[in-house]
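# Reading the structure
The primary structure of each chain is shown beneath.
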Amino acid sequence: MFIRETKRKYKNSNKLYYTHKLVESIRTPDGPRQRVVLNLGTLELSKDKWTELAQRIEELISGQKRLLPCATEIESLAQHYNKLYVRQQLANTNDIDKREHDFQSVDVNVLRSSEAKSIGKEHLAFQTLQKLGLIDLFERLEFTQNQINMAVLSVIGRLIHPSSEHELKRYAKEDSALDELLGTDFSRISQNALYEVSDLLLLHKQTIEQFLRTNTKKLLGLSESIILYDLTNTYFEGGALLCEEAENGRSKDKRNDRPQITVGLVLDGDGFLKLSQTFRGNVSEPSTMVEIIESLHRKAQGTNPPLPLDPPTVVMDAGIASEDNLNILKERGFCYIVVSRSRPKDIPKQDFTQIKKGVHAHSFQRGEETFLHCWSEAKTNKEQAIVQKMRIKMEAELTKLRDGLSIKGRLKNYDKVLERIGKLRKQYTRVSKGFTINVQQEGKNAVHITWSFDEKSLGKPYDGTYFLRTNRTDLTDERLWKTYIMLNTVEDGFRCLKSELGLRPNFHQKGERIKGHIFITILAYHLLHMIQYHLHQAGIHHRWSTIRSWLGTHCILTTSLPREQGGVVHVRHCTTATLHQSEVYSALGIRSVPLKPRKTITQ
């Protein structure tokens, strides 16, 4: 084998461009001919070293042993081009038929494994994306094959490796086997291609959301009996000067110093997204919040078929479920289901009814509202454990402070001791109200500290109770509670949307790119919620971060085995799925072997 250089000059430029190819001589009926073994691209290596590089590549391809090592630069390039050659050969081979046997004599002492890439997470996400019908939709929208591949990479990448386009490009090239699942090659993708497909997806946003709504409803038989509205926001690390909707507002991440944009979401009772819309970032005022909800409501009414919005229900967390917000919602004809921010007065004494094992409740009226008084055994145990833990820690600090009064060099000044106790109360606010602390003083110093603890003085009973509040009158106690639990699931999905799926922070500057980033995250949430829906049906309730960690060790790699008669057998195969991985695949009804093995022999 040898390296051949070719030069080319393009029509619009006088500059010469050089490319290099690995070539070998072969015998043919028409005489000796030259055959291109591998395109090397532009080779950054001095010409006097080409022969040595070609010889080393040939040795690796044929499995020959080398007595003396090469220079580091030569060895590194040779190993790289050998991997490219093997990958090229494997791409042109068919899957191994396991019904046929192929016994060969190989040298196991020289066995090598290379090109290991992650495939478990990609396999799960890709199969889910296919089940949702997104690839078929992209084809109907007349996406080119490259645009389909970039769209799949963008959405699945946001689910399994949320990051910037630059980092996603690196991940797709070096760490992920998604391109093998798609039957393409991501080694030469450009960052601009990812930006362009973001613009393309945003252009078809309404069509894609409508398709996902109808197709998911058809696949899973969703009832859409309860439609929920919720708001979240994402902040920007940059100034976002080119986005009109980016404004400073109340940030849930305590990043009030950064501009942000608000995302309004419409969901069904199972947590599946129906549609989304972006708004200005400063939406903390009650009137502005209601304007956004009304805008979402009008958009939902215009869907085809229209969403069942009678009555329209708004879900809000306790943080924004103020009396002003609730009153405005009632005036505009909306219903709501919230967790009460305060404990109602004069709670009627009624027997609790078990609505689920470990959960008991009873309802009562307050004017036009229904309150559901809930008591959870698990919540009781959890709250009591937290109180006990905080109490033990604060008593340990008080004991340390008291014992130090009789030790030389320790804090004794009366005013400083009181200041220290004040800091402890601030540090352990959950239990500080239950402590009565007395400090005995002699002159300027404290000489003794005593305390007592009364749980009834905590201000809030940590007894595992909470109150749900709604102005809907058509819900039974059980249905109201189940709706609340369902909202917890939705909120957990939102936390994943904002953290694990990379909704915030947003590093883009242009308005369309910002909205494209948000929409790709929302598409990733569709995949995530579809996965979690099936996992929950199978009794698997772990967070996505745990599932992703489980699947992270499922890889595909190339095993190379030198043969006794010469040449090397290369087998591209997946590792065997673990028990956890198999459980996840089984819950989604997909194969535990993402790709069948492929084999090639290099001579």
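The structure reproduced in this document is the subject of the present report. Within any chain, residue numbers begin from 1 and follow the written order of that chain's sequence. Owing to the predicted nature of the model, reporting of local features is limited to residues with pLDDT of at least 70; listing and counting of side-chain atom pairs is limited to 80 or more, with chain, interface and lining totals taken over all residues. Hydrogen atoms and water are omitted, and side-chain values are computed over all heavy atoms in the structure.

## Overview of the packing of aromatic side chains
The test is simple: Working definition: a ring pair exists when centres of Phe, Tyr or Trp rings (six-membered ring for Trp) sit within 6.5 Å. Plane angles under 30 degrees give stacked, over 60 give edge-to-face, the rest tilted.
Evaluated as defined, the whole model comprises 6 aromatic pairs. Summarising the aromatic geometry, the rings of phenylalanine 364 and phenylalanine 371 are spaced 5.8 Å apart at their centres and angled 10° between planes, so their arrangement reads as stacked.

## Some points on helix H11 (residues 323-331)
Side chains that are three or four residues apart share a direction in an α-helix, a result of its 3.6 residues per turn. Which entries qualify depends on this criterion: In this scheme, a residue with accessible area under 20% of its type's maximum is buried, one over 50% is exposed, and one in between is partly exposed, where area comes from a 1.4 Å probe on protein chains only. Numbering of helices and strands runs from the N terminus, with a helix taken as a DSSP run of H or I at least four residues long and a strand as a DSSP run of E at least two residues long. As used here, the arc belongs to the directions running from the helix axis to the C-beta atoms.
Among the residues of H11, those classed as buried are Asn325, Leu326, Ile328 and Leu329. Take H11 and look down its axis: the buried residues cluster within an arc of 165°, on one side only. Structural note: H11 exposes Asp324 and Glu331 on the side pointing more than 90 degrees away from its buried face. The first or second residue beyond H11 is glycine 333, which carries a positive phi of 85°.

## Focus: the layout of surface pockets
We count it as follows: Here the term cavity refers to a set of points on a 1 Å grid, laid over the protein atoms alone, in which a 1.4 Å probe fits but cannot get out; the term pocket refers to an open set having protein on both sides within 12 Å along at least five of seven lines, with lining residues being those that place an atom within 4 Å of a point. Grid points are joined across faces, edges and corners, and a volume is the space filled by probe spheres set on the points. When residue character is reported, Ala, Val, Leu, Ile, Met, Phe, Trp, Tyr, Cys and Pro are called nonpolar, Asp, Glu, Lys and Arg charged, and the others, Gly included, polar.
Counted as a void, the largest pocket has a volume near 880 Å³. What lines the largest pocket is a set of 26 residues, and nearest its centre among them are Leu84, Arg87, Gln88, Asp185 and Ser187. Of all the secondary-structure elements, those providing two or more residues to the lining of the largest pocket are strand E3 (31-41), helix H2 (72-91), strand E4 (112-118), helix H6 (165-174) and helix H7 (178-182). For the lining of the largest pocket, the class distribution of residues is 7 nonpolar, 7 polar and 12 charged.

## Concerning the packing of helix H5 (residues 145-160) against helix H8 (residues 191-203)
Quick note on the threshold: Axes here refer to lines fitted to C-alpha atoms; in helices the fit is confined to the stretch in contact. Angles between the N-to-C directions go from 0 to 180 degrees. Angle categories: roughly parallel below 35 degrees, roughly antiparallel above 145, roughly perpendicular from 65 to 115, and oblique for all the rest. Whether two residues touch is decided by their heavy atoms; if any such pair falls within 4.5 Å, the residues are in contact.
Where H5 meets H8, the axes come as close as 9 Å, and the angle between the chain directions of the two elements is 90°. Our classification of the angle between H5 and H8 gives roughly perpendicular. Here Gln147, Met150, Ala151, Leu153 and Ser154 of H5 lie close against H8, whose contacting residues are Ala193, Leu194, Val197, Leu200 and Leu201. The residue makeup of the contact of H5 with H8, split by class, is 8 nonpolar, 2 polar and no charged.

## As for the side chain of serine 198
Tracing the chain through its elements places serine 198 in helix H8. On the accessibility criterion, serine 198 (4% relative accessible area) is buried. Setting aside chain neighbours within four positions, we find serine 198 in contact with Gly516, His517 and Ile520.

All quantities given are derived from atomic positions and should not be read as evidence of function.
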